[in-house]
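Okay, here's what each chain looks like letter by letter:
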Amino acid sequence: MLIVTGATGHLGSLIVNHLLERVPADRIGVSVRDVSKAAGLTERGVRVRAGDFTEPGSLKHAFEGAERVLVVSAAIRGGGALTANRAAIDAAREAGARRILYTSHQAASPVSLFPPQKVHAATEEHLERQGVPCTALRNGFYASTLGYYIGAALETGTLAVPQDGPVSWTAHEDLAEAAALALAEDGALDGITPPLTGRHALDFADVADILGRVTGRTVTRVVMEGDEWISAAVAGGMPRPAAEFSLTMFAASRNGEFNAIDPTLETVIGHPAKTVHEVLEAVLRSR
């Protein structure tokens, strides 16, 4: 059985949908914290079981009969994320999985300026120590993240964020397709992958230009100092810890951590990756 964790999250649900296009539903199992949110998957014939990374004892039943397990990285900030990721990997090994996959990040590094990359790097190390064939999917920076920063620009025509650097923004849909292929097919992706990215690295000045083309109005990119941006973000309703966390992303992008581009993603999925223009069009349609 092919097990996907976090199947009610955005990336996890997309991965399951792609799997259902490739393998029979009775070969797919999902591990979710709240089974009531996965009723639609049950109706489609997918095995749904409760499992929580922060309660490792729940994972034995969730992963029972696993041939391969895809661990979607825990959506937790701080050291708890590493503990949770390790617990899921350990449970997959103990369940007898013949391959363990993990959704990592293109810039995973113990010295990153963006804290999640340190978690990803440590999780990759733990994964490789298990003595089981493994795949760390080094996903490009999720392009949907741009949706958090463009709201004011749509109202004012000004995209005001801290100084940044180029980022190879990548669509969830393409990364989910690659993950499903890696989970379902032998030899699709093995070990720590190259960066799985789109073909362009863009900074927020580029994003402002694209947003202008999508909306048909002028959007001007303005650079804000970090403290000034945090104050504005908090005034706009963002919790201060979230704003301070986001600021580290800008620092890491200035440091060149997210500017890698690589053809591997497009090679694996067999078609061009979605562009930022396409992603922003989808974001605006969903508002």
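Rules used in this analysis
Residues numbered from 1 in each chain as written. Predicted model: local features only at pLDDT ≥ 70, side-chain atom pairs only at ≥ 80, totals over all residues. Heavy atoms only, no water. Pairing = 2+ DSSP bridges. Helix = DSSP H or I, 4+ residues; strand = E, 2+ residues; numbered from the N terminus. Contact = heavy atoms within 4.5 Å. Axes fitted to C-alpha atoms, helices over the stretch in contact; angles between N-to-C directions. Core = buried A, V, L, I, M, F, W, Y, C linked by side-chain atoms within 4.5 Å. Buried < 20%, exposed > 50% of the residue type's maximum accessible area, 1.4 Å probe, protein only. Phe/Tyr/Trp six-rings, centres within 6.5 Å; stacked < 30°, edge-to-face > 60°. pLDDT = per-residue confidence, 0-100. Expected span 1.5 Å × (residues − 1).

The next thing to look at is the sheet that holds strand β8 (residues 191-192). Pairing between the strands of a sheet is mediated by backbone hydrogen bonds and can be parallel or antiparallel. Pairing within the open sheet is parallel, and its seven strands lie in the order β3-β2-β1-β4-β5-β6-β8. Of all the strands in the sheet, just β3 (47-50) and β8 have a single pairing partner and so form its edges. In terms of strand pairing, strand β2 (residues 28-32) meets β3 through four bridges, oriented parallel. By the bridge assignment, valine 30 is partnered in β3 with valine 48. The sheet contacts of helix α1 (residues 10-20) involve β1 (2-5), β2, β4 (68-71), β5 (99-105) and β6 (134-139), and relative to β1 the element is tilted by about 160 degrees. Lying over the sheet, helix α4 (residues 79-94) contacts β4 and β5, oriented at roughly 160 degrees with respect to β5.

We now examine the nonpolar core. Across soluble globular proteins, you tend to see nonpolar side chains buried next to one another. With 35 residues, the main nonpolar core has Val4, Ile15, Leu19, Val30, Leu41 and Leu70 as its most contacted residues. For this core, the secondary structure elements donating two or more residues are β1, α1, β2, α7 (172-184) and α11 (264-269). Among the elements that make up this core, the one with the highest residue count is α7 (nine residues). Among residues more than four places away in sequence, those in contact with valine 4 are Gly12, Ile15, Val16, Leu19, Gly29, Val30, Ser31, Leu70, Val72 and Leu183. Val161, Trp169, Phe204 and Ala208 belong to the second largest nonpolar core, which has 33 residues in total.

Summed over all chains, the structure comprises eleven aromatic pairs. Between the aromatic rings of phenylalanine 141 and tryptophan 169, the centroid separation amounts to 5.3 Å while the plane-to-plane angle is 75 degrees, which identifies the pairing as edge-to-face. One end of the pair, phenylalanine 141, is in the loop between β6 and α6 (151-156); the other, tryptophan 169, is in the loop between β7 (158-162) and α7, with 28 residues separating them in the sequence. For phenylalanine 141, a relative accessible area of 7% puts it in the buried group.

Quick look at the environment of serine 246 now. Among the structural elements, serine 246 can be located in helix α10 (residues 240-254). Expressed as a C-alpha distance, the spacing of serine 246 and phenylalanine 114, which sit 132 residues apart in the sequence, is 8.7 Å. Those residues in contact with serine 246 that lie beyond four places of it in its chain are Tyr149, Trp229 and Met238.

The residue asparagine 85 is located in helix α4 in this model. Dropping the residues within four chain positions of it, asparagine 85 is found in contact with Phe53, Ser73, Ala74, Tyr102, Val119 and Thr123.

So, about the confidence of the model for the chain. Confidence in the prediction for the chain averages 94 pLDDT; 100% of positions are at 70 or higher. When mean pLDDT is taken per element in the chain, β6 scores highest with 98 and α6 scores lowest with 90.

Quick look at helix α5 (residues 115-128) now. Its 14 residues place the ends of α5 21 Å apart at the C-alpha level, agreeing with the 20 Å of an ideal helix rising 1.5 Å per residue. Among all positions in α5, only Gln117, Val119, His120, Ala121, Ala122, Thr123, Glu124, His126 and Leu127 are buried. In the core, the buried residues of α5 are packed alongside α4, β5, β6 and β8.

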